[in-house]
Amino acid sequence: MPEEPTDPCSLEVQLGRLRLANPVLVGSGTFGYAREMEHLVDLGRLGGILPKTVTAEPRIGNAPWRTIETPAGMLNSIGLDNDGIEAFIQHHLPYLSRLAAPVIVSIAGRSRDEFVAMAARLDGLEGVAAIELNISCPNVSGGVDLGTDPRMCEKVVAGCRAACSLPVIAKLTPNVTDIQEIARAATTGGADAISAINTCLGMAVDWRKARPLLGNTLGGLSGPAIKPIALRIVYQIAAAVDTPIIGIGGIANVDDVMEFLVTGATAVQIGTANFYNPTATMTVLDQLPEALSQLGASSIPAIVGTLKT
Amino acid sequence: MTNPLHAAYYADSAVQQRVCVVENVPLARDTFRIRFHCPQIAKRILPGQFVMMRLNAGDDPLLARPLALYDTVLDGDQQPVGLDIVYLVVGKMTGRLAKLSAGSDMEVWGPLGNGFATPPTDHLLMVAGGIGQTPFLALARQYLGQRVYGGSPLRLTPPERVTLCYGARSGVYLAGVEDFEALGVRVRLSTDDGTCGHRGLVTDLLRRELDGAGEGTHVVCCGPEPMMEAVSQITAVAQVPCQVSLETPMACGIGICFSCVAKVRDGQGGWDYQRTCVEGPVFAAERIEW
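A.B. asks: Give a description of the packing of helix α5 (residues 179-188) of chain A against helix α6 (residues 227-240) of chain A that names residues and reports values.
C.D. replies: Residue and element names in this part refer to chain A. As a packed pair, α5 and α6 sit with axes 9 Å apart at the nearest point and diverge in direction by 55 degrees. As far as their axial angle goes, α6 and α5 are oblique. The chirality of how α5 crosses α6 is right-handed. Across the interface between the two elements, Ile179, Gln180, Ala183 and Arg184 of α5 pack against Ile233, Gln236, Ile237, Ala239 and Ala240 of α6. Among the residues making up the contact of α5 with α6, the classes are represented as 6 nonpolar, 2 polar and 1 charged.

Written out as structure tokens, the structure reads:
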């Protein structure tokens, strides 16, 4: 008889009240509504799935061009193109709720009250494991303001926390002077976890036509180009608060994942890499136990924030 | 119940794999045909569908590029085992692609998109501008009953005529004309500078073809957007059905990024942005809000 594997490495992580089988999630806006990926990815293996951000009302999104490739990255200004929370609940959630992976619904409101109403609407719905508050989308007015003002950040998080029994994750923007101040505000508001970072505001220009390349002029930079910024921010947040961090920003392979974990992230979201390597998450999951063992670790928490500075 | 938000053409038969380049040869100025081995995609892909191709050369260029099927490559037993893709060098990625030699590898995922509808027709009229001829070789071959795509043959009477109206800036950019002629396709050419065929626009050729003989014709069109808009207007006036294959900037090709949207009419006087990769790339011309 073949020998049973002895003490398999555990990839479980705890993000406040949210427990996940592994730390590899997919970032909102980079994975559609998951169904698009069902033939390319074993969705049940993912630590968590964040469908594209939903808003209270349908949004048509921004005019093309909506993405521009830049060196080692891309700019996007999709503009939260979505059919609104009711269409999401009616048409996407039934599929998502059947998946083995926990679904964390990303929501964006134009005001605190809109965030709170959406949190309340999602409370108790089958298939919703947690909510992520997108207070950091650079492509819609209102989003960035809530995520750049510590008092508003705290109010939004606290309001959502009070309005539902779901774990609440605050997704922060890097486009601020003092990220620690915002992270403290999210923590005071009661966030179970902090996702960092959303995209870095940027632009691209065609000098011959003297025009911006994006339909919306400004957009969010993502991809490997922003990984150093994201690591810096995870490092600074980890130094400021004890709230678990979900690292995001240019993560494309297992080395990137390990860098974020040792820097202080408890979990990660893979985003833009899904666009240019749809099976990136599966490769990372295949390789993660071996990478952990290289550090002599058999669990994720054993390496989180072990950075020696 | 049908889900109105569920696109019909998610990557429902797509695979992602590393493929090996078999050859990469020039066809015309700045235009190449790359051939690679990938039986899984080759046996599934349909005319009008595309694949995403990415260089294995680090993070710059970062994204893959959508490129239409030119044709499948068959082995000695007539089984599809590879793909031919014809591309124009326009930027960083295609510039590097042109330098790949046999034995190099690339990352490819597909087949993607809907492909052409294939209604019965007396006259299949393919209108191409620039590099827009590439999706039509396989379509012509399929209509003429000369090859099976996706495992099942088209069960229809082949058209009496299959015509390609093909316009380019200059004769040196015309690529693959002999491939079409070898199938028995009538080829009508135009160039902006008059170096080959009609001096002028490809829409001049289209008008000639439709002049008094539009009935039973089915137009398919691919090329620069102003040309496709003009073709859709001409076919609308002539009351000839027309499909257009759109090219919009795409990051993923599989429906997850929402970049590649086009304005598509909803039939009730309005329009919505739809993803070209999963709702298209082929649309009935009258549905596009240009």
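A.B. asks: Could you give an account of the side chain of Ser28 of chain A, with specific residues and numbers?
C.D. replies: Residue and element names in this part refer to chain A. Position of Ser28 relative to the elements: it lies in the loop between β3 (24-26) and β4 (48-49). Relative accessible area serves as the criterion here: at 13%, Ser28 is assigned to the buried category. A polar contact of 3.3 Å, which involves the side chain of Ser28, links it to the side chain of Ser106. What Ser28 contacts, discounting residues up to four positions off in sequence, is Leu50, Pro51, Lys52, Thr53, Ser106, Glu132, Lys171 and Gln269.

A.B. asks: Summarise the sheet that holds strand β11 (residues 193-196) of chain A; cite the residues concerned and give the values.
C.D. replies: Residues and elements named next belong to chain A. Taken together, the 9 strands give an open sheet; going across it, the order is β4-β3-β17-β16-β11-β10-β9-β8-β5, and neighbouring strands pair in parallel fashion. On the outer flanks of this sheet lie β4 and β5 (54-55), each paired with one strand and no other. Note: strand β8 (residues 104-108) against strand β9 (residues 130-134), 4 bridges, orientation parallel. Across the sheet, the residue bridging to Ile104 is Ala130, located in β9. Contacts between α5 and the sheet are confined to β10 (168-172) and β11, with β10 contributing the most and set at about 165 degrees to the helix. Docked against the sheet, helix α9 (residues 280-294) engages β3 and β17 (267-270), running at close to 170 degrees with respect to β3.

A.B. asks: Summarise the sheet that holds strand β3 (residues 50-55) of chain B; cite the residues concerned and give the values.
C.D. replies: Residue and element names in this part refer to chain B. Judged by pairing direction, the sheet is antiparallel, and its 7 strands sit side by side in the order β4-β3-β7-β1-β2-β6-β5 without closing on themselves. The strands lining the two open edges of the sheet, one partner per strand, are β4 (65-68) and β5 (71-74). Each strand axis lies, on average, 40 degrees off the axis of its neighbour in the sheet, ignoring direction. One ladder, built from 7 bridges, connects strand β2 (residues 31-37) with strand β6 (residues 80-88); its direction is antiparallel. When the sheet's bridge partners are listed, Thr31 is paired in β6 with Leu88.

A.B. asks: Tell me what's going on with the interface of chain B and chain A, and back it up with residues and numbers.
C.D. replies: Residue-level contacts link 34 residues of chain B with 38 residues of chain A. Summing both partners gives a buried area of about 3,100 Å² for chain B against chain A, and 64% of it is carried by carbon and sulfur. On the chain B side of the contact with chain A, Leu5, Ile256 and Phe258 of chain B bury the most area, a combined 22% of that side's loss. In this structure, the connection of chain B to chain A is made through 2 salt bridges. Connecting chain B to chain A are 10 residue pairs in polar contact (both at pLDDT 80 or more). Within the residue set of the side of chain B that touches chain A, elements represented by two or more residues are β1 (15-28) and β15 (271-275) of chain B. For the side of chain B that touches chain A, the per-class residue count stands at 22 nonpolar, 5 polar and 7 charged.

A.B. asks: Tell me about the pattern of salt bridges, and name the residues and values.
C.D. replies: All names here are of chain B. Summed over the entire model, instances satisfying the criterion amount to 24 salt bridges over all chains. Its salt-bridge partner being Asp84, residue Arg35 comes within 2.7 Å of it at the nearest N-O pair. In this pair, Arg35 is assigned in strand β2 and Asp84 in strand β6, connecting sequence segments 49 residues apart. The partner of Glu289 in a salt bridge is Arg265, and the shortest N-O contact between them spans 3.0 Å. Taken as a pair, Glu289 in the segment after β16 (282-284) and Arg265 in strand β14 (residues 261-265) lie far apart in primary sequence, 24 residues in all. Here the residues in one salt-bridge network are Glu23, Arg33, Arg35 and Asp84, joined through shared partners.

A.B. asks: Explain the environment of Ala225 of chain A residue by residue, including any values.
C.D. replies: All names here are of chain A. As for its position among the elements, Ala225 is in the loop between β15 (218-222) and α6. Classification of Ala225 as partly exposed rests on a relative accessible area of 33%. Through-space distance from the C-alpha of Ala225 to that of Ala183 is 23 Å; in sequence the pair is 42 residues apart. The residues contacting Ala225, other than those within four sequence positions of it, are Pro71, Ala72 and Gly73.

A.B. asks: Help me get a handle on the confidence of the model for chain B, residues and values and all.
C.D. replies: Low pLDDT marks stretches whose predicted atomic positions should not be read closely. Per-residue pLDDT for chain B has a mean of 96; in total, 99% of the residues score no lower than 70. Taken over the whole predicted complex, pTM reads 0.96, whereas the ipTM for its chain interfaces reads 0.96.

A.B. asks: Account for the domain arrangement of chain B, naming residues and giving values.
C.D. replies: Residue and element names in this part refer to chain B. Looking at chain B, the domain boundaries give domain 1 (4-112) and domain 2 (123-246). Taken together, the 21 residues of domain 1 in the interface contact 20 residues of domain 2. On the domain 1 side of the interface with domain 2, the three residues burying the most area are Arg29, Pro47 and Tyr70, jointly 36% of the side's total. For the pair domain 1 and domain 2, the interface holds 2 salt bridges. Arg141 serves as the salt-bridge partner of Asp71, at 2.6 Å between the closest nitrogen and oxygen. Summed over the shared surface of domain 1 and domain 2, the result is 7 residue pairs in polar contact (both at pLDDT 80 or more). Looking at the side of domain 1 that touches domain 2, the elements that each hand over two or more residues are β1, β5 and β6.

Definitions and limits used
Residues numbered from 1 in each chain as written. Chains lettered and ligands numbered in written order. Predicted model: local features only at pLDDT ≥ 70, side-chain atom pairs only at ≥ 80, totals over all residues. Heavy atoms only, no water. Axes fitted to C-alpha atoms, helices over the stretch in contact; angles between N-to-C directions. Helix = DSSP H or I, 4+ residues; strand = E, 2+ residues; numbered from the N terminus. Parallel < 35°, antiparallel > 145°, perpendicular 65-115°, else oblique. Left-handed = near helix turned anticlockwise from the far one by under 90°. Contact = heavy atoms within 4.5 Å. Nonpolar A, V, L, I, M, F, W, Y, C, P; charged D, E, K, R; others polar. Buried < 20%, exposed > 50% of the residue type's maximum accessible area, 1.4 Å probe, protein only. Polar contact = N/O pair within 3.5 Å; in protein donor to acceptor, adjacent residues only side chain to side chain. Pairing = 2+ DSSP bridges. Buried area = accessible area lost by both parts, 1.4 Å probe. Salt bridge = Lys/Arg side-chain N within 4 Å of Asp/Glu carboxyl O. pLDDT = per-residue confidence, 0-100. Domains from an automatic or database assignment.

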